[in-house]
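These are the residues of each chain, in order.
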Amino acid sequence: MLNHVTAMATSLRQNLPFSSNRTSLDDSNVASYYRNHVAAITGAGSGMGRELAIHLAKMGCHVALSDINPEQLAATKQLLANYDVNVTMTVLDVSDNKAVEAWADSVMAEHGKVNFIFNNAGVALYSTVEGSSISELEWVMNINFWGVVYGTKAFLPLIKNSVKQSQFGEHGHIINISSLFGLTAQPSQSAYNSSKFAVRGFTESLRQELNIQNCGVSATCIHPGGIKTNIANSARGNESIHDIGMSTGPKAIRSFNKFLKFDANEAAWIILQAAATNQQRCLIGNDAKMIDAIQRVFPSHYSQVLNDFHQLSRKLKPRRRKKLKTVK
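Presented here is a report on the structure given in the accompanying data block. (Residues numbered from 1 in each chain as written. Predicted model: local features only at pLDDT ≥ 70, side-chain atom pairs only at ≥ 80, totals over all residues. Heavy atoms only, no water.)

Points about the overall build of the chain
Definition in use: Runs of H or I in DSSP of at least four residues are treated as helices and runs of E of at least two as strands, each being numbered from the N terminus. Relative accessibility thresholds used throughout: buried, under 20% of the residue-type maximum; exposed, over 50%; partly exposed, between the two (1.4 Å probe, protein chains only).
When helices and strands are counted, the chain shows twelve helices and nine strands. Buried positions account for 49% of the 328 residues belonging to the chain.

In structure tokens, the structure reads:
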């Protein structure tokens, strides 16, 4: 076990200094990228979607908000009331292709153009492969993957046309939210992993096509680590994970929430910088950076390395506590 951990630490020191996600682009330049543009956001009722809306409104970007929860959506819109931008909102189920297409048409009708789509809405499921039902798998894929596909397909031609018709050099960008779990697989997360790996492949292929077309529109895939959002509280699951030594119910939610440490407001700003600087892939948080590095160094054995690292951390934790008590 220690051999794995030592090799991992050496490789990380050599290959990946964990610096801040912030780029050299200052706040005023980021603001100029979005000012007087129009951004559509799914999952805008809470979490990163809400924070994206707030940042964009502050920078003078008009926003079209959507979420499946009308109360949370209205609350986000109210937070933008003091900004001099046009804010529209639509209650939307992103797994409904016709509804997403209708929303895209309404954004054009209400704003006259659209420059950005943030495909942010997502859900989580904890279950073993054997224990998950087809309907549970479809629920995750329909929202996390097909919702991204529907949003991209509905808005891409509109964004292209808005950029083409503009006389002021406007920008166009598609921002799709994958995950740390779109980089590595985890037990109990087969459905979520599948959806987020799919978003990654879809977005990276899309970006290559847009680059070849040289159409003024690009795409970025976002891989957040543990962000403080409501995703753990709204996750679905079943007792099949007891078979692999994991808990369900409130205990599982508490455990999941402990993993969610990175501030959603900061994550949203990093996403906006990534699009403004046309990054192909954006990792948010040191957990995402570290685990991405581990799977690059140990592509066939990263799960064992992570497990060894976790076990070592648990063994060292009592020693740290004992040392702290001694110091006091």
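Section: the packing of aromatic side chains
Here is the rule: Each aromatic pair joins two rings of Phe, Tyr and Trp (for Trp, the six-membered one) with centres within 6.5 Å, and gets the label stacked for planes under 30 degrees apart, edge-to-face for over 60, and tilted for any other angle.
Under the definition given, this model contains eight aromatic pairs. Geometrically, the ring pair formed by tryptophan 103 and phenylalanine 155 is edge-to-face, given 5.0 Å between the ring centres and 70° between the ring planes. Of this pair, tryptophan 103 sits in helix α5 (residues 97-111) while phenylalanine 155 sits in helix α7 (residues 146-165); the two residues are 52 residues apart in sequence, bridging distant segments of the chain. Here tryptophan 103 and phenylalanine 155 have matching classes, each one buried.

Some details on the side chain of histidine 55
What counts here: Two residues qualify as a contact provided that any one of their heavy atoms is within 4.5 Å of a heavy atom in the partner residue.
Turning to its location among the elements, histidine 55 is positioned in helix α3 (residues 47-58). Dropping the residues within four chain positions of it, histidine 55 is found in contact with Asn265, Ala268, Trp269 and Leu272.

Focus on the packing of α3 against helix α10 (residues 264-276)
Our working rule: Geometry is summarised by axes, namely lines fitted to C-alpha atoms with helices restricted to the contacting stretch, and by angles between N-to-C directions that run from 0 to 180 degrees. Crossing handedness: left-handed means the near helix sits turned counterclockwise from the far one by under a right angle, and right-handed means the same turn made clockwise.
At a minimum axis distance of 8 Å, the contact between α3 and α10 shows a crossing angle of 60°. In the packing of α3 onto α10, the handedness of the crossing is right-handed. From α3, Gly47, Met48, Glu51, Leu52, His55 and Leu56 reach across to α10, where they touch Ala264, Asn265, Ala267, Ala268, Trp269, Ile271 and Leu272.

Digging into unusual backbone geometry
Among all residues except glycine, the phi angle is most often negative; among peptide bonds, the trans geometry is most common. Phi is positive for asparagine 36, close to 65°, though the residue is something other than glycine. Summarising the element assignment, asparagine 36 is placed in the loop between α2 (27-34) and β1 (38-41). Of note, asparagine 278 is a non-glycine position whose phi angle comes to about 55°, a positive value. By the element assignment, asparagine 278 lies in the loop between α10 and β9 (281-284). In this structure asparagine 278 comes out as partly exposed when scored by relative accessible area, which is 34%.

Structural notes on the environment of arginine 281
To keep it simple, the criterion reads: Pairing of N or O atoms within 3.5 Å defines a polar contact, subject to two protein rules: one partner must be a possible hydrogen donor and the other a possible acceptor, and residues neighboring in sequence count only if both atoms are side-chain atoms.
Mapped onto the fold, arginine 281 is located in strand β9. A sequence separation of 81 residues divides arginine 281 from arginine 200, and the C-alpha atoms of the two residues are 9.0 Å apart. Filtering out sequence-adjacent residues up to four positions away, arginine 281 remains in contact with Leu183, Arg200, Glu204, Cys221, His223, Asp292 and Arg296. Within the structure, arginine 281 has its side chain in polar contact with the side chain of glutamate 204 (distance 2.9 Å).

Re the sheet that holds strand β3 (residues 87-91)
Rules: DSSP-based pairing: two strands are paired if at least 2 bridges between them are found.
Read across the open sheet, the seven strands follow the order β3-β2-β1-β4-β6-β7-β9; overall the sheet is parallel. Edge positions in the sheet fall to β3 and β9, since each of these pairs with one other strand and no more. Averaged over neighbouring strand pairs, the angle between their axes works out to 15° when direction is ignored.

Quick notes on α7
Definition in use: Multiplying 1.5 Å by the helix residue count minus one yields the expected span of that helix. Take the seven residues that end at a residue and the seven that start at it, fit an axis to each, and the angle between those axes is the bend at that residue.
Between its terminal C-alpha atoms α7 stretches 29 Å, which fits the 28 Å expected from 20 residues at 1.5 Å a residue. Most pronounced at phenylalanine 155, the bend in α7 amounts to some 35°, and the proline proline 157 follows within four residues.

Examining the pattern of salt bridges
Quick note on the threshold: For this document, the term salt bridge refers to a Lys or Arg side-chain nitrogen within 4 Å of an Asp or Glu carboxyl oxygen.
Enumeration according to the criterion identifies six salt bridges in this entry. Between arginine 281 and glutamate 204 there is a salt bridge; the shortest N-O distance is 2.9 Å. Taken together, the residues span a long stretch of sequence, with arginine 281 in strand β9 and glutamate 204 in helix α8 (residues 190-213) at a distance of 77 residues. Looking at glutamate 204, the relative accessible area reads 18%, which means it is buried. Among the ionic contacts, a cluster of salt bridges with common partners joins Arg200, Glu204, Arg281, Asp292 and Arg296.

Things to note about empty space enclosed by the protein
As a reminder, the rule being used: Each cavity reported here is a set of points on a 1 Å grid over the protein atoms alone in which a 1.4 Å probe fits but cannot get out, each pocket an open set with protein on both sides within 12 Å along at least five of seven lines, and each lining residue one with an atom within 4 Å of a point. Grid points are joined across faces, edges and corners, and a volume is the space filled by probe spheres set on the points. Each residue is assigned to one of three groups, with Ala, Val, Leu, Ile, Met, Phe, Trp, Tyr, Cys and Pro labelled nonpolar, Asp, Glu, Lys and Arg labelled charged, and all others, Gly among them, labelled polar.
Scanning the model with the defined rule gives one cavity of 30 Å³ or more in all. Estimated volume of the largest cavity: approximately 30 Å³. When grouped by side-chain class, the residues that make up the lining of the largest cavity number four nonpolar, four polar and no charged.

As for the nonpolar core
As a reminder of what qualifies: To form a nonpolar core, buried Ala, Val, Leu, Ile, Met, Phe, Trp, Tyr and Cys residues must be joined to one another through side-chain atoms within 4.5 Å.
Counting 39 residues, the largest nonpolar core has Tyr34, Ile41, Leu56, Leu65, Phe118 and Ile271 as the members making the most contacts within it. Elements represented by at least two residues in this core include exactly α2, β1, α3, β2 (62-67), β4 (116-119), β6 (172-177), α10 and β9. Ignoring any residue separated from it by four or fewer positions in sequence, one finds tyrosine 34 in contact with Leu56, Met59, Gly60, Cys61, Phe116, Phe118, Leu272, Ala275 and Ala276. Listed in part, the 30 residues of the second largest apolar core include Leu125, Phe155, Val163 and Val217.

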